[in-house]
Amino acid sequence: MAAATQNRKRRTRIRPPARRYDFIVIGGGSAGFNGARVAAALGLRTAVVDGARELGGLCILRGCMPSKTLLYAAEQLHHARHGARFGLSIPAARADMAVVQARKRRIIADFAAHRVGQLTAGRFDLFRRSARFVDAHTLLLADGTRLRGRHFLIATGSKVSVPPVPGLAEAGAWTSDDVLNLDFVPTSVIVLGGGIVACELSQFLNRIGSRVVLVQRSAHILRDHSPEASAVIQQAFRDEGIELFAGTALRRVARARGGFAVDFEYRGKRVTRRARHLFNALGREPNTAGLDLAAAGVRTRGAGRVVVNRWQQTSQPHIYAAGDVCGPHDIVHLAVAQGELAARHAAGVLGIRPVDYSLLLNVVFTEPQLATIGVPESALRAQGVRFLAASYPFSDHGKSIVMEANYGYVRVLAEPVRGRILGAEIVGPDAGELIHCFSGPLALRATVFDLLRAPWYHPTLAEIITYPLEEIAAQVRNPPRS
């Protein structure tokens, strides 16, 4: 009896009291860091918990920045190989992937070091441990530390999804992490998927010298975009030599002699393709499995996506979520806005507004690029909203013609009474830059007439935007008098 009492006392002494905070962020990526930054600036006692092997988050370490570094290198290689179109004689051009990777690592290391510096600058406490909820106000870290919080922000990002395709889980396919770290040119790759990651990295692989087969289940690649925009990208891919199958039904993935075999149905026929390597780009899912959200009473749906309201609050009002864990769009600038909104709402800041998804901005960094802003045309039709639309092709535009950049078009949507801009879609050269011609005007509820008052320099890519603007202006029912 005495020994048992002594053991209980010893256990009580060993367990330290929980550390208390006003705002605890789980995840130090774009959503989490910016949420913590704002919370600390508003005077909340803040902590960030991040148990990842490296600090920085998906965008810096394994997403936006490394992929765009490699895509830009492949773009330069592609244009060098096709210099003859411009009368240039370039005898040979090839990718030295060891050097390409060294450059990428140097660039990403600089980005990551800056983020680490921000996380360790002392504005908030940083715990380098994984964590799970014990209850709605308590986190248990992997080293036994307990944190008590008045408010929480879940910002743990996403991870690669492995859909239930027979044989896929056992095949040992590459993920985007593997492709982004390649230090050699693969002879051949089958890419499963047709989303942004699949498309961007398929073109990268093709341009550095791999034979690429792209297999997409939906009717067209980039299914969240218009069929017309997707068709332009598909044609560009096929023109570059990518073998592309859309509208397929995946049946089986298996290891084969010297690589992999993928069986699928395409246009009513059974098709098999083989390659040395297999890349699973069938999507990502929220990285919430280890958090024990049920213990905190946080509701999820689907593959662990956290359900939030317009203030980023979960089913527990003091627990917020931001970024890929909740969506609705896995885009960095939205994750930042969501994290900042959560911090301001938790701090009781007055006059704040929820994230405005009618200003949704999206870019696909293929070549040609695809960029959209505002409400998609399909959504306007589904909502019964009347609108005017006009397009103009890059194949009939001076600057793009001299650039040999003739794929795609600019399309503008506007309401028919006053001509207020509702959205735009650009497929073509530098679309990701050009789409920002609409960012300010859309936020300010500008009309096509407002944009036409501005000067547009000739010859530039940007001046192509004036042609659909003029076409819509001629159809507006109540144009301005002056």
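Look up a bit, the structure's there.
Residues numbered from 1 in each chain as written. Predicted model: local features only at pLDDT ≥ 70, side-chain atom pairs only at ≥ 80, totals over all residues. Heavy atoms only, no water.

## Considerations on the sheet that holds strand β21 (residues 388-393)
For clarity, the threshold we go by: Pairing between strands is defined by DSSP: at least two bridges between the two strands are required. Secondary structure counts use DSSP, requiring at least four H or I residues in a row for a helix and at least two E residues in a row for a strand, with both numbered from the N terminus. All axes here are fitted lines through C-alpha atoms, helices being fitted over the stretch that makes contact, and every angle between N-to-C directions spans 0 to 180 degrees. Contacts: residue pairs with any heavy atoms within 4.5 Å of one another.
Reading across the sheet, the five strands line up as β19-β20-β23-β22-β21 and stay open at both edges, with antiparallel pairing between neighbours. Each of the sheet's edge strands pairs with one partner strand only, and the pair in question is β19 (361-364) and β21. Recorded for the sheet is a direction-independent mean angle of 5° between the axes of neighbouring strands. Two strands pair when backbone bridges link them, and strand β22 (residues 409-414) and strand β23 (residues 421-428) are joined in this way by six bridges, in the antiparallel orientation. Paired with Y409 across the bridge in β23 is V427. In the packing of helix α9 (residues 227-240) onto the sheet, the strands contacted are β20 (369-374), β22 and β23, and the crossing angle to β23 comes to about 15°. The strands touched by helix α17 (residues 466-473) within the sheet are β21 and β22, with β21 carrying the most contacts at an inclination of about 145°.

## A look at the side chain of R115
Selection criterion: Accessibility here uses a 1.4 Å probe with only protein chains present; expressed as a share of the type maximum, an area under 20% marks a residue as buried, one over 50% as exposed, and anything in between as partly exposed. For the purpose of charge, His is not counted, nor are the chain termini; Lys and Arg are scored as positive and Asp and Glu as negative. By salt bridge we mean one thing: a side-chain nitrogen of Lys or Arg within 4 Å of a carboxyl oxygen of Asp or Glu.
The residue R115 is located in helix α5 (residues 97-119) in this model. We note that R115 is buried and unpaired, the nearest opposite charge coming from D50 at a distance of 8.3 Å. Those residues in contact with R115, other than ones at most four positions away along the chain, are G28, G29, S30, F33, G56 and I60.

## Notes on the nonpolar core
It is characteristic of soluble globular proteins that their nonpolar side chains tend to be buried jointly. Our working rule: By nonpolar core we mean a set of buried residues, namely Ala, Val, Leu, Ile, Met, Phe, Trp, Tyr and Cys, connected to one another through side-chain atoms within 4.5 Å.
Judged by nonpolar contacts, the single largest core of 36 residues is most densely connected at V191, F204, L205 and F279. Sort the elements by how many residues they give to this core and helix α8 (residues 196-208) lands first, with six residues. Core analysis: the second largest hydrophobic core is formed by 30 residues, V363, A424, L442 and I464 among them.

## What about the sheet that holds strand β8 (residues 188-192)?
Here four strands make up an open sheet; going across it, the order is β10-β9-β8-β14 and the pairing parallel. Two strands bound the open sheet, and with one partner strand each, they are β10 (243-245) and β14 (277-280). Geometrically, the sheet is characterised by an average inter-axis angle of 15° between neighbouring strands, direction not taken into account. In this sheet, β14 lies alongside β8 in parallel orientation, the contact comprising four bridges.

## Let's talk about the pattern of salt bridges
Per the stated rule, a full pass over the model turns up 19 salt bridges. Put simply, D177 and R62 hold a salt bridge, and the shortest N to O gap is 3.7 Å. Remark: R62 occurs in helix α3 (residues 58-62) and D177 occurs in helix α7 (residues 176-180); sequence separation between them is 115 residues. For D177, a relative accessible area of 26% translates into the label partly exposed. Taking the relative accessible area as the measure of exposure, R62 reaches 35% and is therefore partly exposed.

## Focus on α5
The line we're drawing: Given the number of residues in a helix, its expected span is that number minus one, multiplied by 1.5 Å.
Taking 1.5 Å of rise per residue, the 23 residues of α5 would be expected to cover 33 Å, and the 32 Å separating its terminal C-alpha atoms lies within 8% of that figure. Here α5 has its buried residues at M97, V100, Q101, K104, I108, A112, R115, Q118 and L119.

## Details of the packing of helix α4 (residues 64-81) against α5
Packed helix pairs are specified by the crossing angle of their axes together with the interaxial distance, meaning the distance between the axes. The cut-off we apply is this: Left-handed describes a crossing whose near helix is turned anticlockwise from the far helix by less than a right angle; the clockwise case is right-handed. Ten residue types, Ala, Val, Leu, Ile, Met, Phe, Trp, Tyr, Cys and Pro, are classed as nonpolar, four, Asp, Glu, Lys and Arg, as charged, and the remainder, Gly among them, as polar.
Taken N-terminus to C-terminus, the directions of α4 and α5 make an angle of 145°; their axes are 10 Å apart at the nearest point. Relative to α5, α4 is oriented so that their crossing is right-handed. When α4 is examined against α5, the residues M65, P66, T69, L70 and A73 are found in contact with a partner set consisting of V100, Q101, R103, K104, I107, I108 and F111. Class assignment of the residues belonging to the contact of α4 with α5 gives a composition of eight nonpolar, two polar and two charged.

## Thoughts on the pairing of β20
Strand residues, when the strand is regular, have side chains that alternate between the two faces of the sheet. Of all the six residues making up β20, six are buried; the element is thus mostly covered by neighbouring parts of the structure. Two elements, β19 and β20, share four bridges in a ladder whose sense is antiparallel. What sits directly across from V364, in β20, is L370. Turn length for the β19-β20 hairpin, with the two strands adjacent in sequence and antiparallel, is four residues. Judged from the six bridges that link them, β20 and β23 form a sheet pairing that is antiparallel. The residue bridging L370 from the neighbouring strand is V427, located in β23.

## Side note on the pairing of strand β13 (residues 269-275)
Two elements, strand β12 (residues 259-266) and β13, share seven bridges in a ladder whose sense is antiparallel. Bridge assignment links D263 to a residue of β13, and that residue is T272. Taking the residues between adjacent antiparallel strands as the criterion, β12 and β13 are bridged by two residues, where R267 takes a positive phi near 50°.

## Looking at unusual backbone geometry
For the peptide bond that leads from G327 to P328, omega is 5°, which places it in the cis range. Assignment of secondary structure puts P328 in the loop between β18 (319-321) and α11 (332-346). E367 connects to P368 through a cis peptide bond whose omega is 5°. Turning to its location among the elements, P368 is positioned in the loop between β19 and β20. The backbone of D292 sits at a positive phi, close to 50°, despite the residue not being glycine. Among the secondary structure elements, D292 is positioned in the loop between β15 (284-286) and α10 (293-296).

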